[in-house]
There are 2 protein chains.
Amino acid sequence: MTIKIGIVGYGNLGRGVELALNKCEDMELKAVFTRRDPQSLKIASDKAQVVGIDEAAAWQDKIDVMILCGGSYSDLPQQTPQFAEMFNVVDSFDTHAKVPEHFAAVDKAAKNSAHVGIISVGWDPGLFSLARAYANAVLPDGQDYTFWGRGISQGHSDAIRRVPGVKDAKQYTVPVEDALQAVRSGQNPNLTTRQKHTRECFVVLEDGANAAEVERAIKTMPNYFADYDTTVNFISEEELKEKHGKMPHGGMVIRSGKTDGENNHVVEFNLKLDSNPQFTGSVLCAYARAAYRLQKEGATGARTVFDVAPSYLSPKSGDELRRTLL
Amino acid sequence: MTIKIGIVGYGNLGRGVELALNKCEDMELKAVFTRRDPQSLKIASDKAQVVGIDEAAAWQDKIDVMILCGGSYSDLPQQTPQFAEMFNVVDSFDTHAKVPEHFAAVDKAAKNSAHVGIISVGWDPGLFSLARAYANAVLPDGQDYTFWGRGISQGHSDAIRRVPGVKDAKQYTVPVEDALQAVRSGQNPNLTTRQKHTRECFVVLEDGANAAEVERAIKTMPNYFADYDTTVNFISEEELKEKHGKMPHGGMVIRSGKTDGENNHVVEFNLKLDSNPQFTGSVLCAYARAAYRLQKEGATGARTVFDVAPSYLSPKSGDELRRTLL
């Protein structure tokens, strides 16, 4: 018996989840739910259906876990609680400041319907949060560092695209090697925003746009670029497509801490991802497995990665895990 | 109300646990249990007692969790089940092949007495096992690599000390940089034992010993050195004490795997530890907290790190964890 999965939203992340499910022998994609006209949407899987999002209620007996692949800004705050009234759900909600309120809304809905909802799943929040939690529990006297990159930031790329004269753009967040080495060596430095990351921009100009003007507008943009050392490279549309068409990302969570006056310990969790949405989709699938199992055991309500024992993520039995991975 | 801790066995690991408890405000060391004459044993903590191991039964109302710091070869197979009949227990059992049998024995005893026993806690097994489990769940189609070092292997140092003509010795296990880089770059290489680690030996000779003879005996020793590129350095007793008196260790667990034909992802967990026993002691303390809480909730029986949700390790509440570490 396989775990029957539904995907809500078929953007980059939805397609990443669909792909990840191919590697999970105990799970099966049953349907993709979309706000678009279902007739107009072609999906990769030939065994799954495309269904209008408003018809989801009719699928309650046919789907074990819904994986919500919408955006954190406007989709998930509505969709996750709404779907948790009908299904076990997993989402990748990443607006840190609004997590308490989102957790409460999902918890209420999921308890009400006796389902499980796991929120904020992915790599940050997600696996990075786990790395922070384990390292903090083990080294109470220490300092946390998170570096992102080298990878494409969708938000920063979008911000550049809004600059007049810009036709298209990609932005890479890049950790500063010296800062990283200082942290890894156990020096526990205090680092400013500028000391931790640089920003590399690849920009295609509109015909007739003023390059110097565009560069100035990008580099002085508050919040996004003003506090960083930013490089702007103007390239052709072809080069952007050819060399910057993928969605790599990654980063490191490092905790450095002491057990006594002389002994320091450095714990690092490091990700190098060729495709951010495909990897995030893979994490969502593992937690969908956990949501299914937790509910089978009688659990209800909201969870985060902190509340789920690792064994729930694996298709292996406890005995098998102990024999092969301990 | 603090969690009341007992330590069984006061070697390097026992002292590491004692030190780690100083950093845990919610925990308190009540007593160290020893096979030695309690009068003869001086411990660092001035508020805890030293007690003969045979008197442990009288401490059942005074101790919430016993942290067992004996060896995996002869101490823990006996002690952990025996203490689990009276207390919640945590141990660092690391004989991989005997885990199923040890788990079963602890499970039986702990269920019988309505306690929780968490076995094989530390960094390998322990945090490295967690890294393998999470990465395997998230990237089902991939390959695992574990590198150890640069760090002192107690077992290999002991093996050198048994060679005739050797007065004292320390052995460092060192990961091979080229192999590590190949793995990190996502090449998924197949590596032999020799390609993954080298062994560096620092040896103090007995007066009149034959250096060439000793070197040959070390380098050809089956299991320990014959399959590795081994370097033997002869140094003075003073130099050994001065430069090789600490117990650093660490290593990396890396999983490299694909989500489709073109996209590879590399997940790495990396430890650099100035003191192996102090860090292992810190991990044991975090899991002692978990054992206490699990039993409070009504759980009984044996667990490994796979079965414990990360939130149980932290003194922070679920709400605080979500606000600060997610």
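A brief look at the structure comes next.

Criteria and cut-off values
Per chain, residues are indexed from 1 in the order of the written sequence. Just so you know, chain letters begin at A and ligand numbers begin at 1, following the order they were written in. Restriction of local features to residues with pLDDT of at least 70 applies here, the model being predicted, together with a cutoff of 80 or more for giving and counting side-chain atom pairs; totals for whole chains, interfaces and linings are based on all residues. Hydrogens are left out, water is left out, and the side-chain values use all remaining heavy atoms of the structure. Only residues with pLDDT of at least 70 in both copies contribute their C-alpha atoms to the least-squares superposition of the copies. Note on contacts: a residue pair is in contact if any heavy atoms of the two residues lie within 4.5 Å. Classification of ring pairs rests on two measures: the distance between centres of Phe, Tyr or Trp rings, Trp counted by its six-membered ring, which must be within 6.5 Å, and the angle between planes, read as stacked under 30 degrees, edge-to-face over 60 and tilted in between. In this scheme, a residue with accessible area under 20% of its type's maximum is buried, one over 50% is exposed, and one in between is partly exposed, where area comes from a 1.4 Å probe on protein chains only. A pair is scored as a salt bridge if a Lys or Arg side-chain nitrogen falls within 4 Å of a carboxyl oxygen belonging to Asp or Glu. Under this definition, polar contacts are N or O atom pairs within 3.5 Å; protein pairs additionally need one hydrogen-donor-capable and one acceptor-capable atom, and for neighbouring residues in sequence, both atoms have to be side-chain atoms. To qualify as a helix, a DSSP run of H or I must reach at least 4 residues; to qualify as a strand, a run of E must reach at least 2; elements of each kind are numbered from the N terminus. Each residue is assigned to one class: nonpolar for Ala, Val, Leu, Ile, Met, Phe, Trp, Tyr, Cys and Pro, charged for Asp, Glu, Lys and Arg, and polar for all the others, Gly among them. Two strands make a pair as long as DSSP finds a minimum of two bridges between them.

The next thing to look at is the relation of the copies chain B and chain A. If you rotate chain B by 180° and push it 0.0 Å along the axis, it lands on chain A with an RMSD of 0.0 Å. Taken together, the rotation and translation describe the operation of a two-fold axis. Residue B:Ala309 of chain B places its C-alpha closer to the rotation axis than any other residue of that unit, at 1.9 Å. Of all interface residues in chain B, 98% are interface residues in chain A too; the two copies therefore contact each other through one and the same surface.

Attention shifts here to the packing of aromatic side chains. In the structure shown here, the tally under the stated rule is eleven aromatic pairs over all chains. With 5.2 Å between their ring centres and 80° between their planes, A:Trp123 and A:Phe128 make a pair best called edge-to-face. The pair A:Trp123 / A:Phe128 is uniform in exposure class, with both members buried. With a centroid separation of 6.1 Å and 85° between ring planes, the pair formed by B:Phe128 and B:Phe269 is classed as edge-to-face.

For the rest of this paragraph, the subject is the interface of chain B and chain A. Listed as interface residues are 63 residues of chain B and, on the opposing side, 63 residues of chain A. The tally of links between chain B and chain A comes to two salt bridges. The closest approach of N and O atoms between A:Asp141 and B:Lys23, which form a salt bridge, is 2.6 Å. Linking chain B with chain A are 29 residue pairs in polar contact (both at pLDDT 80 or more), by the criterion used here. Those elements giving two or more residues to the side of chain B that touches chain A turn out to be α3 (99-113), α4 (127-138), β13 (264-273), α10 (276-296) and α11 (318-324) of chain B. Considering each element in turn, the side of chain B that touches chain A owes the most residues, ten residues, to β13(B). For the side of chain B that touches chain A, a count of residues per class yields 31 nonpolar, 15 polar and 17 charged. Judged from the nine bridges that link them, strand β13 (residues 264-273) of chain A and β13(B) form a sheet pairing that is antiparallel. Note on β13(B): the bridge partner recorded for A:Phe269 is B:Phe269.

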